[in-house]
Structures are given as structure tokens and as C-alpha cells.
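Structure assessment
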Amino acid sequence: MEKEKIDASITDVPAVELKSVWVFLQGNTILEDISFSIKEGRFVGIIGPNGAGKTTCLKVILGLLKPDRGDVKVFGLPPEKFRKSPQAIGYIPQKTHFDSHFPLSVYDAVLMGRIHRIGLLKFPGQRDREMVLQNLIRVGLDGYLQRQIGELSGGELQRALIARALCNEPRLMILDEPTTGVDIAYQERFYQLLHDLKKELKLTIMVVSHDLGLLSNYSDELICINRSMHLHGSPSEVLSNRLLGQVYRCEFDLFLQTQRAKKTGE
Amino acid sequence: MLEMFAFDFMQRALLAGIMVSILCGFIAFFVVLKRLSFIGVGISHSALGGVAIGVLSGVDPILSAIIFVILMSWAIGMVSKKGDVHEDTAIGIFFSFATALGVALISLSKSYNVDLFGYLFGSILSVTKKDLWTVGILGGLVVGFLILFFKELLFMCFDEEVATISGLPVTFLYYLLLTLMAVTIVVAIKVVGIVLVSAFIVIPAATGYQLAKSYRIMLTTSILCGIVASVAGLWLSFRFDLASGATIVLCSTLLFFLAMLISPRRRLLQRTLNRFSP
């Protein structure tokens, strides 16, 4: 499948656009009238307390969940149409649901990212194999080709999943709490990797995370979601906004201070 | 020991056994990786209902079984996909209904030519040439589809969410897999019987899963274990006049426990020996 290269400078189509999205699940309102728009090429952090609807918001954007009201578009198309088109979304889920004994090597798992590009009834070719190697080198896992996927550490697995997502040549990459359970020294390198990938491959990146300190350094924008309330702006705008304490329902200054201490203390 | 294979029926039995084990070994690979074994139990027991409908209506029982089991597999698939908390209850109800229906219909049947025991527990020693063709053609079709869609099915087993987002037709693949399971089950009934066929589409691959780090090895092991269990089971069936389904599944299970012992992951054997070493 040939990917059509759309020149971003000609189009004003936002990468992601939500308009008055409501989501109800099992009688509860998970998302209430959420609207925001993300321009192509931005690195956006999604923050908010646990259980506030951040993952639900991702699922709506990915097309895994249909909003009960409102509209969601990815590069101008509804998510289900977008993923059938030659364009792609890369998704790195929270790593909790993996079978660690699944019989795949790192190489095999990353090659899966090419399957949509290879197409039904066809076999992987030279170009596919080259892309897999290239992406493994990009994330620094080229020494791990034959290792079984379950033997990787948390951080290595996340990088393998990024390599897999990159193999589908995405325009948009979405990561759900990628640094949970990963040590602090590593987190900084991880965000640097995302930043470098964004520049090199002209990606739009959305990261759901609690790493407020790191996000404020690496992201262009932050969106704070808590069911209905949200803030959207540059990291300094959002993190200094006095409404943030309300969103997290806690003393936010203390929280920020703890984050800064964690970062500088290493 | 090998003189028995001079007999026509033993040669057909051996061929049937080998073909069915390749087929079941292949599908078991996906059943284990996608965790469909309970759904497999549900689908396989419904075959009794399908067979009974055929017997009563004068239609070829295998044909009626295939149609009925495919429909049941889709119904069970839909229930499973809803993600309800009581999914296992619903599946249990489905297959109990189909089994009870089968038993009731067979009792109604005035024909005493129905080899109920054979359908339930396998009758590999009465395989006919027609049966061989049925197994060969249908089995070949199933394996053909599994090979054609192999990488897509594997991706769905590994990470269904990301496969969906990557643009794969996951719903189609899921129902395709269920349909192929249904056809495999009906084809394998002749060899292993309705009661035990659900075991034969799980155990060989479970054995492979114990031993393999790579999916290619797991698949190969699954098929080989299926073949070994089939041939050994067939021999036991003939030698001791036992139901083939039982002997084949017993051999299959034995292989599984051996695999568990020597599995590099568990290192059970090593650890036990270490405990006894001075």
C-alpha cells in the first residue's frame, strides 16, 4: 500500500478534533462535553487524575469507542475510516495486558506493525524487513532481535512497541502512560526519544501521563481532563493555572514541588 | 506390531488420524493463543445437536453438523464479544441446550443405525474412503485459510486492540477463526468423537506453548504432538479395543505432562533433581 504524502503546509486540517464529545459507560458519565483541537506536528500531553476519562478519551480518538454524543475526527476523517485509509495511527497501550509467554521474538513482534502495509494474502518483503531493522535501531533495540518479547524489561518493551507502531508509518502516535513502572533516569531518555522521533518523522504525538515535570519540558501543549473540566494550553499556562488544584482536588503546589524534586534529585 | 497396518481399514485409520492431527494441531495453535478453549468446548458439544438434526431429517449428518456448528460458533462468538460478566454462563447454557437437543432428537429417531457411541467417542477404525475425502477436502480448506490469513490471525491473537487500530478487519478475522474451528471440530469427530474433540484442539498447542519461545516452533510442535498422539492412540485403540478418542487424548495429555516437566521455562525436572542432589 503506497502512503499518500499529504503536505501539511497546504492543509489546515487538525490532527485530532473533538467536538462536544460525551461518553456514558454503565450509567456513568465518563466524558462530558469535551471539545479540543490539536494541530499536526504537536507534542501534546494529556494529564488528569486517575479514573478521570483520559484513557476513554484516547479510545474515542482511536475509534475503539464511539462517543454517545458529539464528533471526533482524525485528520478530517472519523477514526474507523482513517485507519482503513493508507494513513495510520500508532498506538502504544498500557503494557499491563500482555501475555509475557507469547511466542514472539522482538523482531517478530515489531514486524507485526507492517502487516497492514503488507496487505492481506501477501508475505513480508525486503522493504518490510528493512523497516523493522531501521525502527529497532531508532529505538535502540537492534541488539535484541531474537529475544522473546516477554523477556524484555518494562522500558525495553515500551520501546519495542514504539518500533512496532513506527512500522505502520503513522502520522499520529498515541501513548497511554508509557512510563509506568519505569525508573526515573530512564523516563527522561524516553521522552527525549519521543521528541527526536517527532522531529525526524514529522509525527503528531499524544501522551497520557502523570510525568508532569517531564511533560512540561518536552510537550508543546498540555490538556487536562477530568470528565467535564479541562484546561488546554502551553505547559507553563496549564501548570500555573489555579484551576489545576480543583481538577486534581488536591494541593497542587505540593504536587508540583514533589515532581520537581524527583527530577532534580537524580 | 506393524502387521496391523496390512489391513485396509487400519491404513485408512492411520491416514485419517494423521490428516486430522495436522488440522487440529494447526487450529489448536490459534485456540490456545487467543484463549478460545472454553468457546471450543461450547462449540464442540453443540455438534451432537447438529448430528441429530441430520439423522432425523435424513440429511447427511456431517453436513447438518457443519451448518449447525458454524451457526452455534457465531452465536457463541457474539455472546463472548459482548464482554458481559456472565459470558461463561451464557456459553454453558448454549452448549447444554445443543447437547440436550441432540440427545432428545436421537432418542426420537426410529433408526437404530445411528452409531451414537461412535459419534460421541470416535470410531477411527470404521473410517471409509468417503470419510477420507471429506477430511482431506475440508481439512485442506481450513488449513488453506489459516495459512492465507496467518499473519493477520497471529496479530489478532497477540494484540487485538492494536490490530484493530492498525486497520486489520478484526471482526471478520474473529468470525473466520470461529468458523474454521467449527469445521475442524466436525471433521475431527470421526477420529476423536464429540466428547473429546475440544481437548484435541487445545492440548497439542498447549504442549507446544510449554516448549517454544518462537511461534514457528510452537506451531510445528503442536502438529507433531498431534500426529504422535494420533498414531500412538490408534495403535492402543486397535490393540486393546478401546475408543479411539479416549486413547488419542490420553496420549496427547501424556505428551503435555512430559513437556511441562522438560519445559525450559519451568525447569521442573531440574529443580526436582536439584532438591535431591547432595
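All values reported here derive from a predicted model rather than from experimental measurement.

Before going further, it helps to examine the state of the cysteines. Tallied over the entire structure, the rule returns zero disulfides over all chains. Between C251 of chain B, a free cysteine, and C225 of chain B, which holds the nearest cysteine sulfur, the sulfur-to-sulfur gap is 11 Å.

Right, let's get into the pattern of salt bridges. Opposite charge on two side chains lets them pair, provided their charged atoms get close. Applying the stated rule across the entire model yields 21 salt bridges over all chains. Between K213 of chain B and E151 of chain A there is a salt bridge, with its nearest N and O atoms 2.9 Å apart. Taken together, the residues K213 of chain B in the loop between α11 (203-211) and α12 (215-240) and E151 of chain A in the loop between α5 (126-138) and α6 (154-166) connect one chain to another. Where K190 of chain B meets D131 of chain B, a salt bridge forms, and the shortest distance between an N and an O atom there is 3.5 Å. Taken as a pair, K190 of chain B in helix α9 (residues 170-192) and D131 of chain B in helix α6 (residues 129-148) lie far apart in primary sequence, 59 residues in all.

Taken together, the side chains of L120 and L121 of chain A together with W133, I137, L141, F145 and L148 of chain B make up a nonpolar region of the molecular surface, amounting to roughly 720 Å² of accessible area. On the secondary structure map, I137 of chain B appears in helix α6.

Examined against the element boundaries, S252 of chain B turns out to sit in helix α13 (residues 244-262). Leave out the neighbours within four places in its chain, and S252 of chain B touches F200, I203, P204, T207 and A229 of chain B.

Counting 168 residues, the largest nonpolar core has F36, I61 and I162 of chain A as the members making the most contacts within it. Considering each element in turn, this core owes the most residues, 17 residues, to α9 of chain B.

The parts lose accessible area when they come together, and the size of an interface is often stated as this lost area. Of the residues lining the interface, 27 residues belong to chain B; the matching set on chain A comes to 30 residues. For the chain B and chain A pair, buried surface summed over both sides reaches about 2800 Å², with 65% attributable to carbon and sulfur atoms. Its largest share of buried area at the contact with chain A, chain B owes to K151, F158 and I165 of chain B, together 28% of the area lost on that side. In this assembly, chain B and chain A are joined by five salt bridges. Note that K59 of chain A and E161 of chain B form a salt bridge whose closest N and O atoms lie 3.4 Å from each other. There are 11 residue pairs in polar contact (both at pLDDT 80 or more) connecting chain B and chain A. Mapped by element, the contributors of at least two residues to the side of chain B that touches chain A are α7 (150-158), α8 (160-165) and α12 of chain B. With six residues, α7 of chain B is the single largest residue contributor to the side of chain B that touches chain A. Within the side of chain B that touches chain A, the residues separate by chemical class into 15 nonpolar, four polar and eight charged.

So, how was this worked out
Residues numbered from 1 in each chain as written. Chains lettered and ligands numbered in written order. Predicted model: local features only at pLDDT ≥ 70, side-chain atom pairs only at ≥ 80, totals over all residues. Heavy atoms only, no water. Disulfide = S-S within 2.5 Å. Salt bridge = Lys/Arg side-chain N within 4 Å of Asp/Glu carboxyl O. Helix = DSSP H or I, 4+ residues; strand = E, 2+ residues; numbered from the N terminus. Patch = residues over 30% accessible without salt bridge, like charges linked within 9 Å, V, L, I, M, F, W, Y side chains within 5 Å. Areas by Shrake-Rupley, 256 points an atom, 1.4 Å probe, with all protein chains shown as cover. Contact = heavy atoms within 4.5 Å. Core = buried A, V, L, I, M, F, W, Y, C linked by side-chain atoms within 4.5 Å. Buried < 20%, exposed > 50% of the residue type's maximum accessible area, 1.4 Å probe, protein only. Buried area = accessible area lost by both parts, 1.4 Å probe. Polar contact = N/O pair within 3.5 Å; in protein donor to acceptor, adjacent residues only side chain to side chain. Nonpolar A, V, L, I, M, F, W, Y, C, P; charged D, E, K, R; others polar.

The values reported here are purely geometric and, on their own, carry no functional implication.
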